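Examining the three-dimensional arrangement
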Amino acid sequence: MLSGEIGHIWSRCMDVIRDNVPQAAFNTWFSDIKPLKLENGELTIQVPSAFVYEYLEANYLDILRMAITRYIGADTRLMYSVMTDSENNIQAQYPSVDHVVSSFKEVHSVDNKAPGMMDAPLVQDLDPMLNPSYNFDSFIEGASNKLVRTAAEAVAVNPGHSTFNPLFIYGESGVGKTHVANAIGMKVKELFPSMRVLYLSAHLFYMQFADSAKNKTVNDFINFYQTIDVLIIDDMQELANSVNTQNVFFHIFNHLHLNNKQLIITSDRPPKDLNTMEDRLLTRFKWGLVAELEKPDLELRKQILRSKTRRDGITLPEDVICYIAGNVTESVRDLEGVVVSLMAYSTTFNKPIDLDLAKEVVGKSSQRTEQSITIEGIMERVCGYYGIGTDAIQTKSRRHEIVLARQVSMYLAKKYLDYSTSKIGSYVGKRDHATVLHAFSVVRDQMEVDKSFRADMENIERLIRE
């Protein structure tokens, strides 16, 4: 294809991306991308550095998928070209993680249909849905995660036959549950290539089941999952409000466990706190090992920062590492987010990465938010935005605008505050924790598909942070 044609197509893709990301993010991560060629179903784009390539893959791959699918095609393969030696014009080529750019699997039900046992794909054709960057080599060990890591490695070398079946890992958001669960899957595929390994979120499992129920293919759905050797279900709490999905998962669990197949389950709370989960499922979750993945301690936070900067090819002064580790204490995700913000600020404003910049970034992204945001403040901003009184969301009214304000308040409280779902529910209309979880899912799903609603949420969050 001629360069002018590629440029025109890529310009249309960029318009889609610009409509779906904040302007600052677009300027930082997309504005310097150049389309190089589109040949034989493969699109090659040039990015400024390996750091940008990895960040795009980790954070914006779905948006790239959507844009490329719309204007080039669902089967387009995506390649990145990174300039490694500008003087000699030497470039490295990196494939996208899943290599095939396709439409959102978690949004379009046509991709959620699980094949029946008779037409289940061969092991080499089954996409395990694993993230290759989440492996044991990149999972930094410390005192706070040693038990989980040890158990995970034991499962990976002897899946289905260790005493840790199921392996139930719980912990707060951002502490590394998804990472370690993926790492097990990656290691199993390395050691036992013939095993059928599958990772998916509980939310996607629910969507697949709902699709099979609608199409009267529940038996095919169950039969497919009964062929899996290592099943990894992330965020099990997402099934807390769906009794029918729990019943189906119960039967799949029994079949797999009885046949010495490995189950790995993650959740944001231990089984005893999954109050709306069926007792017979909770009992089975405790058959193996229930292990907590704790927040990283100070030394582990330092190690994580040093590891990330080495992987990204950047250098952070030791005083910057110590400052970030000492002030960003909640999760691994927060630590990595601060490093990304440092890179973005340094690149955008041409500032050196030093202690002063670290204090500025940490102050904006972490401390100020935690200190200033309260649940009362969230409810006031949300209700003010929708033009209703704060007392309205405490009632049992089912008016659309009141239900919406109530759900948005719950979502933002769960996002910004270190409160249990039960505590959030007690503040917002005296609802139970299951209602809070449902509200969180509703708002999150709406943000994924409704651009106007997503813009409203960004405006509300801006008001909350002021």
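Residues numbered from 1 in each chain as written. Predicted model: local features only at pLDDT ≥ 70, side-chain atom pairs only at ≥ 80, totals over all residues. Heavy atoms only, no water.

1. Things to note about the overall build of the protein
- Secondary structure assignment for the protein yields 19 helices and 9 strands.
- Within the protein, residue pairs in contact and separated by at least 24 positions form 72% of the contacts whose partners lie at least 6 positions apart.
- Approximately 22,000 Å² of the protein is accessible, and the part contributed by carbon and sulfur atoms is 50%. (Helix = DSSP H or I, 4+ residues; strand = E, 2+ residues; numbered from the N terminus. Contact = heavy atoms within 4.5 Å. Areas by Shrake-Rupley, 256 points an atom, 1.4 Å probe, with all protein chains shown as cover.)

2. A closer look at unusual backbone geometry
- Here the amide bond leading from asparagine 165 into proline 166 is cis, since omega sits at 5°, within 30 degrees of zero.
- Residue position: proline 166 is located in the loop between α5 (146-157) and β5 (167-170).
- Look at asparagine 40: it is not a glycine, yet its phi comes out positive at around 50°.
- Secondary-structure assignment places asparagine 40 in the loop between β1 (34-39) and β2 (42-47).
- Despite not being glycine, aspartate 235 has its phi angle at roughly 60°, a positive value.
- Within the secondary structure layout, aspartate 235 lies in the loop between β7 (230-234) and α9 (243-258).
- Looking at aspartate 235, the relative accessible area reads 27%, which means it is partly exposed. (Buried < 20%, exposed > 50% of the residue type's maximum accessible area, 1.4 Å probe, protein only.)

3. Focus: the packing of helix α18 (residues 433-449) against helix α19 (residues 451-465)
- One can describe the packing of α18 onto α19 by two numbers: an axis separation of 6 Å at closest approach and a directional angle of 120°. One element, α18, and the other, α19, form an angle in the oblique class. The two elements α18 and α19 cross, and the hand of that crossing is left-handed. For the pair formed by α18 and α19, the contact residues are Val443, Gln446, Met447, Glu448 and Val449 on the first element and Lys451, Phe453, Arg454 and Met457 on the second.
- For the contact of α18 with α19, the per-class residue count stands at 5 nonpolar, 1 polar and 3 charged. (Axes fitted to C-alpha atoms, helices over the stretch in contact; angles between N-to-C directions. Parallel < 35°, antiparallel > 145°, perpendicular 65-115°, else oblique. Left-handed = near helix turned anticlockwise from the far one by under 90°. Nonpolar A, V, L, I, M, F, W, Y, C, P; charged D, E, K, R; others polar.)

4. Brief notes about helix α13 (residues 332-349)
- In a regular helix each residue adds 1.5 Å, so 18 residues correspond to 26 Å; α13 covers 26 Å between its end C-alpha atoms and thus fits that length.
- By the burial criterion, the buried members of α13 are Val332, Leu335, Val338, Val339, Val340, Leu342, Met343, Ala344 and Ser346. (Expected span 1.5 Å × (residues − 1).)

5. Regarding the nonpolar core
- Counting 57 residues, the largest nonpolar core has Trp29, Phe30 and Leu56 as the members making the most contacts within it.
- If one sorts the elements of this core by residue count, α13 sits on top with 8 residues.
- For phenylalanine 30, the contacting residues outside a window of four places in its chain are Met14, Ile17, Val21, Ala25, Leu56, Tyr60 and Leu64. (Core = buried A, V, L, I, M, F, W, Y, C linked by side-chain atoms within 4.5 Å.)

6. Some remarks on helix α8 (residues 218-225)
- Listing the buried residues of α8 in full gives Phe221, Ile222, Phe224 and Tyr225. With its buried residues spanning 160° around the axis, α8 presents them on a single face.
- The elements touched by buried residues of α8 are β6 (197-201), α7 (202-214), β7 and α9. (Arc of directions from axis to C-beta.)

7. Focus on the packing of aromatic side chains
- A complete count under the given rule lists 18 aromatic pairs for this structure.
- When the centroid spacing of 5.7 Å and the interplanar angle of 85° are considered together, the rings of phenylalanine 205 and phenylalanine 249 count as edge-to-face. Placement of phenylalanine 205 in helix α7 and of phenylalanine 249 in helix α9 is noted, with a sequence separation of 44 residues between them. An identical accessibility class is assigned to phenylalanine 205 and phenylalanine 249; each is buried.
- Taking the ring centre of phenylalanine 250 as reference, the NZ or CZ of arginine 280 above it sits at 3.8 Å.
- Over the ring of phenylalanine 440 we find lysine 414, and its NZ or CZ is 4.4 Å from the ring centre. (Phe/Tyr/Trp six-rings, centres within 6.5 Å; stacked < 30°, edge-to-face > 60°. Lys NZ or Arg CZ within 6 Å of the ring centre and 35° of its normal.)

8. Looking at the sheet that holds β5
- With respect to topology, 5 strands assemble into an open sheet ordered β6-β7-β8-β5-β9, the strand pairing being parallel. Only two strands of the sheet have a single partner each, and these edge strands are β6 and β9 (289-292). Sheet twist, expressed as the average angle between the axes of neighbouring strands with direction ignored, equals 15°.
- Across the sheet, α7 lies against β6 and β7, angled at about 95° from β6, the strand it touches most.
- On top of the sheet, α9 reaches β7 and β8 (262-267); it is set at about 140° to β8, its chief contact. (Pairing = 2+ DSSP bridges.)

9. Let's talk about the environment of isoleucine 232
- Following the sequence through the fold, isoleucine 232 ends up in strand β7.
- A C-alpha to C-alpha distance of 6.4 Å links isoleucine 232 and leucine 200, two positions 32 residues apart in sequence.

10. Regarding the confidence of the model for the protein
- Of all residues in the protein, 89% have pLDDT values of 70 or greater, and the mean over the chain is 82.
- Segment residues 99-118: pLDDT under 50, and 57 contacts once partners within four positions in sequence are set aside and those in other chains are kept.
- Between residues 367-371, whose pLDDT stays under 50, and residues either more than four places distant or in other chains, the model counts 9 contacts. (pLDDT = per-residue confidence, 0-100.)

11. Describing the pairing of β1
- Relative to β2, β1 runs antiparallel, the two sharing 5 bridges. Bridge pairing in β2 links lysine 34 to glutamine 46.
- As consecutive antiparallel partners, β1 and β2 are separated by 2 residues, and within that stretch asparagine 40 has a phi angle of approximately 50°, a positive value.

12. Quick look at the packing of α5 against helix α6 (residues 177-191)
- Across the interface, α5 lies against α6 with an axial gap of 8 Å and an inter-helix angle of 30°. Comparing their axes, α6 and α5 come out roughly parallel. Between α5 and α6 lies a crossing whose hand is right-handed. Contacts from Val148, Ala152, Val155, Ala156 and Val157 of α5 reach α6 at Val180, Ile184, Lys187, Val188 and Leu191.

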